[in-house]
Amino acid sequence: MTDVTGAPADVLHTLFHSEQGGHEQVVLCQDRASGLKAVIALHNTALGPALGGTRFYPYASEAEAVADALNLARGMSYKNAMAGLDHGGGKAVIIGDPERDKTEELLLAYGRFVASLGGRYVTACDVGTYVADMDVVARECPWTTGRSPENGGAGDSSVLTAFGVYQGMRASAQHLWGDPSLRARKVGIAGVGKVGHHLVEHLVAEGAEVFVTDVREDAVRRITERHAQVTAVADTEALIRVEGLDVYAPCALGGALDDDSVPVLTAKVVCGAANNQLAHPGVEKDLADRGILYAPDYVVNAGGVIQVADELHGFDFERCKAKAAGIYDTTLAIFARAKADGIPPAAAADRIAEQRMHEAATARRAV
């Protein structure tokens, strides 16, 4: 069954009736001249203008693109709330193959659509879009972050993303072992790309015993040639089974924690940069039942969004780094709330974020 637009009715049911919905606004964008088809979703702006990246991806259907935009926008509301930012959650997706369909004309058309929202949505990079793309979008839209330093931006946000994940690891160690040091701890990193290789640098500098894997051999080789003490393993299946592993850091694709991986995971802590690490609801309880401490992904990987948000106020790296360092205290607060409420850390993080959004919305209505 379809709705009046021809989209599957379950998409509108998600938007208006399900717990995954509740979005304030969804914009469908089309520019026939450039071939642009995009979806901009604003989930919650109680804390301020929505902030979230633009994903360029070859979705199998328009309905899949809408569903992804809704899910990602909702996640950004929680991430921005927990990062202490005065921003709500939003996300945009462009339908297409970025290698084949991305053109300057298309990006400029997209920038005009974002600009038409008058600042309700601030965009940035995501999967399939890069700093150079944001430079193009910014020519039509002042509400664009993730730009190059040459164009008034902060550039690559992976440095602070990795730094934030490292702070989350330190907080996890403090909570579990009473000491934030990761020296001599066995840490396994799945995915050593833009964020993962910076994370390796922090851990090696502290004296951790690091294990890495990546689907790209060249990415692993870059690490092992620079750091002979780092051990490469065949794949993620081997990594999660490393004997005596203390920390597992998923830094590649989402869904890394599922019904197959959790039962065989040797690590005592999971703390990584990947988004949406829990494959489905209930995995967080499976981790807790096994005594595995989970640092919620959208909390510890917030260094990047902290950076792009700061760009709106005249980027200052040291100011951003100080704010990203606060991920340590935020993570500890989540663990404390989880213990006090008798719930997994992922649920505790959600409660704290929802409380902040609710209080902001209540204050706005009272004005």
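Relevant structure appears above.
Residues numbered from 1 in each chain as written. Predicted model: local features only at pLDDT ≥ 70, side-chain atom pairs only at ≥ 80, totals over all residues. Heavy atoms only, no water.

Undergrad: Would you mind showing me how to read the nonpolar core here?
TA: Met169, Ile189, Leu199, Val200, Leu203 and Val210 are the most contacted members of the largest nonpolar core, which has 47 residues in total. In terms of residue count, the dominant contributor to this core is helix 6 (residues 158-177) (seven residues). In this view, Val210 contacts Val187, Ile189, Val200, Leu203, Val204, Gln229, Val230 and Thr231; residues no more than four positions away in its chain are not counted. Of all hydrophobic cores here, the second largest spans 22 residues; its members include Ala50, Leu106, Tyr121 and Val136. (Core = buried A, V, L, I, M, F, W, Y, C linked by side-chain atoms within 4.5 Å. Buried < 20%, exposed > 50% of the residue type's maximum accessible area, 1.4 Å probe, protein only. Helix = DSSP H or I, 4+ residues; strand = E, 2+ residues; numbered from the N terminus. Contact = heavy atoms within 4.5 Å.)

Undergrad: In this structure, what is going on with the side chain of Thr144? I would like to understand it.
TA: The residue Thr144 is located in the loop between helix 5 (131-137) and helix 6 in this model. Given a relative accessible area of 1%, Thr144 falls into the buried group. At 2.8 Å, the side chain of Thr144 forms a polar contact with the backbone oxygen of Cys141. Apart from residues no more than four positions distant in its own chain, Thr144 is found in contact with Thr123, Met134, Val137, Ala138 and Glu311. (Polar contact = N/O pair within 3.5 Å; in protein donor to acceptor, adjacent residues only side chain to side chain.)

Undergrad: Help me understand the sheet that holds strand 7 (residues 186-190) in this model?
TA: The strands that make up a sheet are held in pairs by hydrogen bonds between backbone atoms, and each pair lies either parallel or antiparallel. Ordered in space as 9-8-7-10-11-12, the six strands form an open sheet in which the pairing is parallel. The strands lining the two open edges of the sheet, one partner per strand, are strand 9 (231-232) and strand 12 (293-294). Across two bridges, the pairing between strand 8 (residues 209-213) and strand 9 is parallel. Bridge pairing in strand 9 links Phe211 to Thr231. Across the sheet, helix 7 (residues 196-206) is in contact with strand 7, strand 8 and strand 10 (247-250); its angle to strand 7 comes to roughly 170 degrees. (Pairing = 2+ DSSP bridges. Axes fitted to C-alpha atoms, helices over the stretch in contact; angles between N-to-C directions.)

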